[in-house]
Amino acid sequence: MIKIAPSILSADFAHLADDVKKVTDAGAEYIHIDVMDGTFVPNITLGSLVVKSLRPTSKAVFDVHLMVEHPETHIETFAEAGADIITFHWEAARHHHRIIQQIKAAGCKAGIALNPGTPLSMIEEILPDVDMVLIMTVNPGFGGQKFIASQLEKIHMLYHTIKDMGFTCDIEVDGGINAETSKLVQEAGANVLVAGSAIYGAEDVAAAIKAIRG
Ligand code: DX5
Ligand code: ZN
């Protein structure tokens, strides 16, 4: 089952609630919330207060993507603010298994994200414990970057590893997703598709979501 996760990084920050409603009215299941700290990635975006403000305005699944150092210090705050899924970067953490347990104890689904330069083998031990793996198809930090096609093989390998191990785990992709690249990542096995500029930059948001869903 394909899920569309518009990234509000490309929305109008002066009208965030309206822009969230616009994409959920158009059928998006998730709202992808990019949290950047200016240290793990060279950009600063938003924090838990924004998630808390948006929560009463939407029933969508809030998919929080933490691009921050020390993610373990922010889990409870984002969970209390209304996050449904919390994903942290493998590269930003040391005690991955502990953080996954912490996210679950806070009542959220746990995701682990991998930068394009990080091999899949790094998450072998924790794979059975996560609800979602996020394969970055750009280097995190900014919207509107070019899709890195070499990640397709990683998605494909992940899909088969999960299948062979016999458990369920969502595969999310993030970065440079549009109607064309969406087709490629779906063929490789991804089922949660993040898109920022391709959705919020489109004249017709509903048509863009439909095209990405395929
Ligand atoms: C990048 C963010 C993405 C970003 C995607 O660091 O994690 O979620 O918003 O933007 P597009 O879809 O424009 O590549
Ligand atoms: Zn993201």
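Residues numbered from 1 in each chain as written. Chains lettered and ligands numbered in written order. Predicted model: local features only at pLDDT ≥ 70, side-chain atom pairs only at ≥ 80, totals over all residues.

Concerning the site of ligand 1
Here is step 1 of the chain: Around ligand 1 sit 22 residues, and of these S7, P140, G143, G196 and S197 come closest.
Here is step 2 of the chain: Secondary structure elements with two or more residues in the shell around ligand 1: β2 (30-36), β8 (192-195) and α7 (197-200).
Here is step 3 of the chain: Grouping the amino acids of the shell around ligand 1 by side-chain chemistry returns eight nonpolar, twelve polar and two charged. (Near = placed C-beta within 6 Å. Helix = DSSP H or I, 4+ residues; strand = E, 2+ residues; numbered from the N terminus. Nonpolar A, V, L, I, M, F, W, Y, C, P; charged D, E, K, R; others polar.)

Points about the UniProt feature "binding site: substrate" (unreviewed entry) in the protein
Here is step 1 of the chain: UniProt feature "binding site: substrate" (unreviewed entry): in the numbering of this structure it lies at S7, H65, G141, F142, G143, G144, D174, G175, G176, G196 and S197.
Here is step 2 of the chain: Along the chain, the position of H65 falls in strand β3 (residues 61-67).
Here is step 3 of the chain: H65 gets classed as buried once you count the C-beta atoms within 10 Å, which come to 27.
Here is step 4 of the chain: Contact partners of H65, with chain neighbours within four places excluded, come to H32, I33, D34, V35, T87, A113, L134 and D174.
Here is step 5 of the chain: Summarising the element assignment, G196 is placed in the loop between β8 and α7. (UniProt positions renumbered as here; feature names shortened; annotations may be inferred. Buried ≥ 20, exposed ≤ 12 C-beta atoms within 10 Å, placed from the backbone. Contact = placed C-beta atoms within 7 Å.)

A look at unusual backbone geometry
A negative phi angle characterises most non-glycine residues, just as the trans form characterises most peptide bonds.
Here is step 1 of the chain: A positive phi is found at H70, a non-glycine position, where the angle reads about 50°.
Here is step 2 of the chain: As for its position among the elements, H70 is in the loop between β3 and α3 (75-81).

Quick word on the sheet that holds strand β5 (residues 109-114)
Here is step 1 of the chain: Spatially, eight strands are ordered β1-β8-β7-β6-β5-β4-β3-β2 in an open sheet, and the strand pairing comes out parallel. Each edge of the open sheet carries a strand with a single partner, namely β1 (3-6) and β2. Taken pair by pair, the neighbouring strands of this sheet meet at an average axis angle of 20°, ignoring direction.
Here is step 2 of the chain: Of the pairings in the sheet, the one linking β1 to β8 comprises four bridges and is parallel in character. Residue pairing in the sheet places P6 in a bridge with A195 of β8. (Pairing = 2+ DSSP bridges. Axes fitted to C-alpha atoms, helices over the stretch in contact; angles between N-to-C directions.)

Remarks on the UniProt feature "binding site: a divalent metal cation" (unreviewed entry) in the protein
Here is step 1 of the chain: Sequence positions flagged by UniProt for "binding site: a divalent metal cation" (unreviewed entry) are, in local numbering, H32, D34, H65 and D174. The greatest C-alpha distance among the residues just named is 10.5 Å, despite their covering 143 residues of sequence, which places them together in space.
Here is step 2 of the chain: Within the fold, H32 resides in strand β2.
Here is step 3 of the chain: Apart from the residues lying within four places of it in its own chain, the contact partners of H32 are A5, P6, S7, I8, D63, H65 and V194.
Here is step 4 of the chain: For D34, the location among the structural elements is in strand β2.
Here is step 5 of the chain: For D34, a count of 24 C-beta atoms within 10 Å puts it in the buried group.
Here is step 6 of the chain: Here D34 is in contact with S7, L9, T45, H65 and M67, once residues within four sequence places are set aside.

Let's talk about the environment of T137
Here is step 1 of the chain: With respect to the element layout, T137 can be found in the loop between β6 (132-136) and α5 (151-165).
Here is step 2 of the chain: For T137, a count of 26 C-beta atoms within 10 Å translates into the label buried.
Here is step 3 of the chain: For T137 and L114, which are 23 residues apart along the polypeptide, the C-alpha to C-alpha distance reads 9.2 Å.
Here is step 4 of the chain: What T137 contacts, discounting residues up to four positions off in sequence, is F147, I148, Q151, V173, D174, G175 and G176.

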